[in-house]
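Chains, contacts and geometry: an overview
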Amino acid sequence: GFGESSDGTAHRKVTYEAHHVTLAVPSYQPGVDNSDTSTWTNSIRFVQVEPALDHTAKTQFEGSKDLTSKIATAYSNSPLSEQDGAKMEMNDWIRKEEFMGMDHAADGKKKFKLTAEWKEEVACEDLGEKAMDLMDADEIMQAMLSIPEEDVDALHAKKPVLTLPSSEHMSAVTTLLERKLGNALLDSLEEDERKSLVALLFAGCCGHKDLNVFKYGVLKMNRTWESAGQPPPVLLANKANDAVIRLGEETDSAAVQRAVDSSSRGGVKLVSLAGALFNHKSEEQGYQDIHRMFMAKHKKEIHGITTDKKYPDSSNTRYQSHSYGSAELITFLDLYNELLEVSWDSKKQAGFNHLEQNVAKGLEDASTLTEMAAMSLYGVAVSWPYLNIVRGAGGKVVNLLDPDIIDLHRRLPGFCDCIAENPRMLLDAVANGNFSKTTLDGEPWRNEMLIMSIQILASELPDLELMISAMFSGCADGWRQFTQEFVPGGPIDQLTPEQRSQMFIPATNNSNKGALGSWRVNARFHPNGAAAGFSNKARVERNNTEMFIEKLCTDRDQLYVMRQVRTQGSDGENARFREHLLKGQQARASATRKKMQDAENKKQAEIARLTTVGLIVDRGKISKMTISELNDQLSIHR
């Protein structure tokens, strides 16, 4: 079997989807018997990056099925298929698929559900086909006649039954009969046998688990300020909202409230603003190298630290960028305040722009610093060790089914709960040298300067322990939410020993994220290049393709591949995609316009009706009105 993983991103307003598969493959080394499975290794193979109309679950699912069809057709028509004496059909893909790796997003979960339904449909059809082989012609005919025409119509929703060619109609009826017979047989199977046919495991990316859990902790801190009755972090409003808020009582209170409600505050907001100021994703904005050179010079002079690092890339929302950004600001708080002061004084007209003003305001606010300290401690205690473990040392891909990884995910909620109940233990760990309960891996702090800085600041942060407790308590809830596959008796425990021994599930979705990143870089230097061309090149470079060609392919295979690539390059697929994309945009625009027009027509019709009803001020008539009539009068008054 194998596993499929995918991810998507937008580049220049167009969605792109990356696909990889994980499976056991031969080495293709000379002199090695490829049929000896003991020489095979689990590998992640790049499949493609392709444009998509959108990132909805349905589009992703249809894209995967289309990819399956292309692979099956390419292999079945090849000389290699002739040499192997085998063919591949679309359903062979789903028969062998054992898991799906993706992010913990709603669209990913829905795509997984659609794929699981497809796998069960195919299993039912296979069982039904075997059952039909044991039936005589009369039994099959009687069973076919029992299939309602409505079900055939539903199978071909875009083609009414009466317009179907007889061959397609017969094929549809046969498929429905296979599913009907297969469903009955599937329900009658023993549980283990049934699972072996339809089991499909959802494997959530550990990087996204960590990312989502961090959000749970931050949200819990936000709620705790209010529930504890403590002053929340200072508001860090944008320039427009800040101007409205400053007007205060001189303006409409509703406008001020809207400005406050749409503005943000807290540690995450400050780290994001600092990222925009010190290391903006656009290289032309912010301090950029001025920040890097200033911090490198002063870190070496004051702390003896030789470093040339940029500020954590929170402007691009990189993994853990907000916990690392918090740690950077807390550890070198005085240096960042000094950098802002130097910037103020070095301008021709001294002063801060609005972004600098917000960053300076946040760095002076005790509640904001308290949140950043809690976020930093969560990072150094849990998040950083966790991602270090699941990413693997030296680029080694970690198997999600490794017993140590399973145990790690089962420990996480309780570990965070323990710290939430006794937040002081984090600050005392350096003194007693015991890290077994304060860092996830039991190792010493990865950033002792951070801990020392927080200890020094602690006297100025009266709510520090409260926020540490809130951060870790929220994260404990998050880990329970995002480790469902690891719970005792859950999906992983339900795998048979044979399935578990054969499956290799990458712990992260880094392969797809890396492919999408490579595509963006490629598109930057080759703006007229197509995703198909990038994919062709990437498959050769990443999939040990040259060894495969040397070991198994003949001149006929290479001639076939060249002809296929030329055919694909001239079939107008890119033009068709652009046409479909623009048609979809136009269809959405038309639907929106129609909706707006319908709403306006409805409004005008209601106004006309109320005009006909007229305003009634006679108390006697009003006292006899029904609720509906009274509502009409209220509407007229409004």
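Only a predicted model underlies this, so the values are computations on that prediction, with no experimental measurement involved.

Re the packing of aromatic side chains
In the structure shown here, the tally under the stated rule is 17 aromatic pairs. Here the aromatic rings of Phe278 and Tyr336 are separated by 5.1 Å at their centres, their planes lie at 55°, and the arrangement is tilted. A residue pair is termed long-range when its members are at least 10 positions apart, and Phe278 in helix 12 (residues 267-278) and Tyr336 in helix 15 (residues 333-346) qualify at 58 residues. Its relative accessible area of 1% is what places Phe278 among the buried residues. Of the aromatic side chains, those joined through ring pairs into one cluster are Tyr16, Phe46, Trp519 and Phe534. A cation over a ring is seen here: Lys109 above Phe202, with NZ or CZ 5.2 Å from the ring centre. One Lys or Arg, Arg542, reaches over the ring of Phe46 and ends 5.5 Å from the middle of that ring.

Let's talk about the sheet that holds strand 4 (residues 97-102)
One open sheet accounts for five strands, arranged 3-2-1-4-5; its pairing is mixed. If you trace the sheet from one side to the other, it starts and ends with strand 3 (41-52) and strand 5 (201-204), each paired once. Each strand axis lies, on average, 25° off the axis of its neighbour in the sheet, ignoring direction. In this structure, strand 2 (residues 14-25) lies alongside strand 3, joined through 11 bridges in antiparallel fashion. Across the sheet, the residue bridging to His19 is Gln48, located in strand 3.

Describing helix 18 (residues 403-421)
With 19 residues, helix 18 extends 28 Å from end C-alpha to end C-alpha; this agrees with the ideal 27 Å at 1.5 Å per step. The largest bend in helix 18 is about 35°, located at Leu412, with the proline Pro413 one to four residues further on. Among the residues of helix 18, Ile405, Ile406, Leu408, His409, Leu412, Pro413, Phe415, Cys416, Asp417, Ile419 and Ala420 are the ones counted as buried. Its side-chain oxygen at 2.8 Å from the backbone nitrogen of Asp404, Asp402 defines the N-terminal cap of helix 18.

As for the confidence of the model for the chain
Across the chain, pLDDT averages 89, with 94% of residues at or above 70. The weakest mean pLDDT in the chain belongs to helix 11 (residues 253-261) at 61; the strongest belongs to helix 21 (residues 464-482) at 96.

With respect to the nonpolar core
Of all hydrophobic cores here, the largest spans 84 residues; its most connected members are Phe278, Leu329, Tyr378, Val382, Met471 and Phe472. If one sorts the elements of this core by residue count, helix 17 (residues 366-391) sits on top with 14 residues. Ranked by size, the runner-up nonpolar core spans 13 residues in total, among them Val14, Phe46, Trp519 and Ala531.

Looking at a negative patch on the surface
A grouping of Asp334, Glu338, Glu341, Asp345 and Glu364 is seen on the molecular surface, where their side chains present a negatively charged patch. Summarising the element assignment, Asp345 is placed in helix 15.

Quick notes on unusual backbone geometry
Although it is not a glycine, Arg12 sits at a positive phi angle of roughly 55°. In this structure, Arg12 sits in the loop between strand 1 (2-11) and strand 2. Its identity as a non-glycine residue notwithstanding, Asn544 has a phi of 55°, on the positive side. Of the residues examined, Asn544 reaches a relative accessible area of 29% and is grouped as partly exposed.

Details of the pairing of strand 4
Of all six residues in strand 4, six are buried; the element is thus mostly enclosed. In the sheet, strand 1 pairs with strand 4 via four bridges, with the strands oriented parallel. Bridge pairing in strand 4 links Ser5 to Gly101. Summarising the sheet, strand 4 and strand 5 pair through four bridges and their orientation is parallel. Directly across from Phe99, in strand 5, lies its bridge partner Leu201.

Some words on the side chain of Ser326
By the secondary structure assignment, Ser326 is in helix 14 (residues 321-331). A relative accessible area of 0% places Ser326 in the buried class. Once residues lying within four places of it in the same chain are set aside, the contact partners of Ser326 are Val271, Met372, Met375 and Ser376.

Rules used in this analysis
- Residues numbered from 1 in each chain as written.
- Predicted model: local features only at pLDDT ≥ 70, side-chain atom pairs only at ≥ 80, totals over all residues.
- Heavy atoms only, no water.
- Phe/Tyr/Trp six-rings, centres within 6.5 Å; stacked < 30°, edge-to-face > 60°.
- Helix = DSSP H or I, 4+ residues; strand = E, 2+ residues; numbered from the N terminus.
- Buried < 20%, exposed > 50% of the residue type's maximum accessible area, 1.4 Å probe, protein only.
- Lys NZ or Arg CZ within 6 Å of the ring centre and 35° of its normal.
- Pairing = 2+ DSSP bridges.
- Axes fitted to C-alpha atoms, helices over the stretch in contact; angles between N-to-C directions.
- Expected span 1.5 Å × (residues − 1).
- Bend = angle between axes of the 7 residues up to and from the residue.
- Polar contact = N/O pair within 3.5 Å; in protein donor to acceptor, adjacent residues only side chain to side chain.
- pLDDT = per-residue confidence, 0-100.
- Core = buried A, V, L, I, M, F, W, Y, C linked by side-chain atoms within 4.5 Å.
- Patch = residues over 30% accessible without salt bridge, like charges linked within 9 Å, V, L, I, M, F, W, Y side chains within 5 Å.
- Areas by Shrake-Rupley, 256 points an atom, 1.4 Å probe, with all protein chains shown as cover.
- Salt bridge = Lys/Arg side-chain N within 4 Å of Asp/Glu carboxyl O.
- Lys, Arg positive; Asp, Glu negative; His and termini not counted.
- Charge placed at Lys NZ, Arg CZ, Asp CG, Glu CD.
- Contact = heavy atoms within 4.5 Å.

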